[in-house]
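Residues per chain, in single letters:
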Amino acid sequence: MDHNNNIAQLKDSGLKVTGPRLKILDLFEQRPEAHLSAEDVYRLLLEDDSDIGVATIYRVLTQFEQAEILIRHHFETGKAVYELNRGGHHDHIVCVKCNQVTEFFDPRIEEIQEQIATERGYKIVDHSLYMYGVCADCQSKAKK
């Protein structure tokens, strides 16, 4: 993790550099593929002996979302999860058994979406695709 880069990112976003903000940003930087809920962040910070309250975590996550540092998703798990905004587009497949989130990008899907929009007179400005299924691990557990 690059503290100097994180400090610059916070300053560039107009956010004051504080201990909790740095620790939470570092947490996401260490797990760039992760999709973490506020509870996940709290648990990971506790494991790291960080004493940051749940209310502070929610506040920082909201600030990071507003600053476009994080992206918030509402999968059908019933709670918001956040991921680091790495730029670039990708879609998600979510396991309905274990809530594992897998990111993917498929140009065929993107092309079909453009085609559908164009045929209906639309120009896509943004979209998100969430697919739900049962991951390979959960399928193999169910067979046992």
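All figures in this text were calculated on a predicted structure; none of them were measured in a lab. (Residues numbered from 1 in each chain as written. Predicted model: local features only at pLDDT ≥ 70, side-chain atom pairs only at ≥ 80, totals over all residues. Heavy atoms only, no water.)

Among the five residues that make up strand β3 (residues 91–95), four are buried, leaving the element largely enclosed by the rest of the structure. Pairing geometry for β3 and strand β4 (residues 101–104), over four bridges, is antiparallel. Looking across to β4, one finds that valine 94 is bridged to valine 101. Between β3 and β4, which follow one another and run antiparallel, lie five residues, and asparagine 99 among them has a positive phi close to 65°. (Buried < 20%, exposed > 50% of the residue type's maximum accessible area, 1.4 Å probe, protein only. Helix = DSSP H or I, 4+ residues; strand = E, 2+ residues; numbered from the N terminus. Pairing = 2+ DSSP bridges.)

Turning next to the sheet that holds β4. Strand order in the open sheet formed by three strands is β4-β3-β5, with mixed pairing between adjacent strands. Here the strands that pair on one side only, and so sit at the sheet edges, are β4 and β5 (130–133). Adjacent strand axes in the sheet meet at a mean angle of 25° when their direction is disregarded. (Axes fitted to C-alpha atoms, helices over the stretch in contact; angles between N-to-C directions.)

Here we take up the nonpolar core. Membership of the largest hydrophobic core comes to 23 residues, with the highest contact counts inside it found for Ile24, Phe28 and Phe64. Elements with a contribution of two residues or more to this core: α2 (19–30), α3 (38–47), α4 (54–66) and β2 (81–84). Considering every element that reaches this core, the biggest residue donor is α2, with five residues. Ignoring any residue separated from it by four or fewer positions in sequence, one finds phenylalanine 28 in contact with Leu36, Val41, Leu61, Leu70, Tyr82, Glu83 and Leu84. (Core = buried A, V, L, I, M, F, W, Y, C linked by side-chain atoms within 4.5 Å. Contact = heavy atoms within 4.5 Å.)

Here the focus is the packing of aromatic side chains. Summed over all chains, the structure comprises one aromatic pair. Ring geometry for phenylalanine 75 versus tyrosine 130: centroids 4.8 Å apart, planes at 80°, classification edge-to-face. Taken together, the residues span a long stretch of sequence, with phenylalanine 75 in the loop between β1 (70–73) and β2 and tyrosine 130 in strand β5 at a distance of 55 residues. Its relative accessible area of 5% is what places phenylalanine 75 among the buried residues. On the basis of relative accessibility, which here comes to 26%, the residue tyrosine 130 falls in the partly exposed class. (Phe/Tyr/Trp six-rings, centres within 6.5 Å; stacked < 30°, edge-to-face > 60°.)

Attention shifts here to the packing of α2 against α3. Close contact between α2 and α3 brings their axes to 11 Å; oriented N to C, the two are set at 100°. In terms of orientation, α2 lies roughly perpendicular with respect to α3. The segment α2 lies against α3, with Lys23, Ile24, Leu27 and Phe28 engaging Val41, Leu44 and Leu45. By residue class, the composition of the contact of α2 with α3 is six nonpolar, no polar and one charged. (Parallel < 35°, antiparallel > 145°, perpendicular 65-115°, else oblique. Nonpolar A, V, L, I, M, F, W, Y, C, P; charged D, E, K, R; others polar.)

Let us look at the packing of α3 against α4. Here α3 crosses α4 at 125°, and the two axes come no closer than 10 Å. Taken together, the axes of α3 and α4 lie oblique to each other. Of the two possible hands of crossing, α3 and α4 adopt the one that is right-handed. On the side of α3, the interface is formed by Ala38, Glu39, Val41, Tyr42 and Leu45, while α4 contributes Val54, Ile57, Tyr58 and Leu61. Of the residues belonging to the contact of α3 with α4, the class tally is eight nonpolar, no polar and one charged. (Left-handed = near helix turned anticlockwise from the far one by under 90°.)

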